[in-house]
Amino acid sequence: MTSDRSGDGLPWGERVALWDAALDSVRRYLRAEGMREVSTPVRVAGVAVEPFIEPLTAPPGYLATSPEMVMKRLLCRGSGSIFQVSHVFRASEVGAHHSEEFHLIEWYRLGAPLAVARGDVESLVDAAFAAAGRAPVGSWSTFGVLELIERTLGCGLRGDEGAEELALESARRGLPLRVAGLDDPSPEVRRLAAWTAFISEWSDAHLDPWLERRGGGVHVCDFPPALAALSEIREVDGRASAARFESFVDGVELANGYQELRDPAEQAARFAAVAGLRRAHGAPVLPVDEGFLADLRGFGLPACAGVALGLDRLLMLAVGATRLEQVSTALSVAGRLDA
Amino acid sequence: MDVSDLRKNAKLEIDGQPYVVVDFQFVKPGKGQGLYKCKIKNMITGAVLDRTWRSGERLEAANVESRKMQYLYSTGESFTFMDSETFEQVELAADIVGSDANFLLDNLDCDILFYNERPVGLSMSSHVVMEIVEAEPGVKGDTATGVTKQAKVSTGYEIQVPLFIKVGERVKIDTRTGAYVERVNN
């Protein structure tokens, strides 16, 4: 199915000017910070497997859901700090803030701590806002996930709860978990299932409304270890914590940053847990990116911070729009539009 | 069906009842489960509910189809419709037809909804044209707008119409609200 999606957004000439100015300022900033631009394939043999992200198939491979795997292989092979503005695809994600195809700005800074990566997010948001003639966000706030859980639910979690305990605690707080995998034989799969479902229910019921009321720029960091995804786990205040953050502006999620996990064995174990959760809820089996794991083992990933930032959402916010198609330059799109 | 197949107008079966999705919103926090927030309407009772499904859940698609049929007659307790191609006749109970009965003229074309081959509902066009059979005489010279009088149409339905409407004239009625819309000139 194809359809015109001009919607009720910016006039076409203004959209083209907006994208041109924003792409230019994004590239200028990242180059000035010492990163090289790369352009990696859109069709790939394997994607970064996630419990609830489905790739579009492009036989004999897939359309990339993120450029992460390929960019990390370049980092392993000595690229130095790099960035990319890439087209990425996620099946069946259609809504005001979702589109099956969108743009990610993805960058990796060698040897940088996460605070520097958060600073990049702030600078890129302001650069895009300036390109659209909007004033900068101003001051940003940073909160730990557990702190926000306590603040919004009235009583806290430790972050290391197992599946059964978390499901019980969550139900007591009015957030029953509805996810397959809570009874999986593997404790890693059960834990991943419970925490993934908990964070989804909590975000929808508490975090998102709180962020919308608060407005402005917020980084949410220090995730429970079960939600580490591809980030390193570190000790923070005596407890294990995933070194990652998510950035929001006016309640809209814009970016996801990691202190990148470098241990190949740990990486393979996390892929296995994700595959187990996917199996539990009947998602298609996806191949493990063996080339990526081989590069982690063979060359090693240099210490780095990496961030992915959704450019379409950023431009939507920059012009005060509320739906992605109001700023999109896609005159017609193949795929679902009926959200 | 998988929840990712949800969209507006999708027809679902829940607890043995057919529902249609009338509104649909997809949200997905971070790397979490997608939430499909839907308003669904019971196709038999018309009741509207909010339901949220999570990615990974499965749904039952409802076996619902709609067929064009003509209204034939009523016994008071039930209403009979006919497929004008196959001449097949079906009956709908009066409580399912509800207030739509006010607008059922002989031979009127309607959409009859079948759920698992059983007729469960009626959907008629948003406007019908009906003849006035009784009305108080208009007061000459009174042209004030918004002033209405009681009138009756050929099905016996009573309606408020402007003062200038006379017996024998035809009027357009909104079947969703039951209100007069305009006079129809021949």
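Residues numbered from 1 in each chain as written. Chains lettered and ligands numbered in written order. Predicted model: local features only at pLDDT ≥ 70, side-chain atom pairs only at ≥ 80, totals over all residues. Heavy atoms only, no water.

### Some words on the domain arrangement of chain B
One frequent convention defines the size of an interface as the accessible area lost when the parts assemble.
Residue and element names in this part refer to chain B.
Step number 1: In terms of domain boundaries, chain B breaks down into domain 1 (3–61), domain 2 (64–123) and domain 3 (127–184).
Step number 2: The centre of domain 1, based on its C-alpha atoms, is set 28 Å off from the matching centre of domain 2.
Step number 3: Facing seven residues of domain 1, the contacting portion of domain 2 comprises five residues.
Step number 4: Overall, the association of domain 1 and domain 2 removes approximately 530 Å² of surface from exposure, summing both partners, and the carbon and sulfur fraction of that is 70%.
Step number 5: For domain 1, the biggest contributors to the area lost against domain 2 are Pro18, Met43 and Ile44; these three give 69% of the whole.
Step number 6: Put simply, the parts of the chain that give the side of domain 1 that touches domain 2 at least two residues each are β1 (11–14) and β2 (17–27). (Domains from an automatic or database assignment. Contact = heavy atoms within 4.5 Å. Buried area = accessible area lost by both parts, 1.4 Å probe. Helix = DSSP H or I, 4+ residues; strand = E, 2+ residues; numbered from the N terminus.)

### Here we look at unusual backbone geometry
For residues besides glycine, phi is generally negative; the peptide bonds are generally trans as well.
Step number 1: A cis amide bond links Pro59 of chain A with the next residue in sequence, Pro60 of chain A, at an omega value of 5°.
Step number 2: Within the secondary structure, Pro60 of chain A is located in the loop between β4 (57–58) and β5 (61–63).
Step number 3: Although it is not a glycine, Asn107 of chain B sits at a positive phi angle of roughly 70°.
Step number 4: One can find Asn107 of chain B in the loop between α1 (94–97) and β9 (109–115).

### Some thoughts on the sheet that holds strand β4 (residues 48–54) of chain B
Step number 1: With antiparallel pairing, five strands are arranged side by side in an open sheet as β4-β3-β2-β1-β5 (chain B). Every interior strand has two partners, whereas the edge strands, β4 and β5 (60–61) of chain B, have only one.
Step number 2: Where helix α6 (residues 187–214) of chain A meets the sheet, it contacts β2, β3 (35–42) and β4 of chain B, and its direction lies at approximately 70° from that of β3 of chain B. (Pairing = 2+ DSSP bridges. Axes fitted to C-alpha atoms, helices over the stretch in contact; angles between N-to-C directions.)

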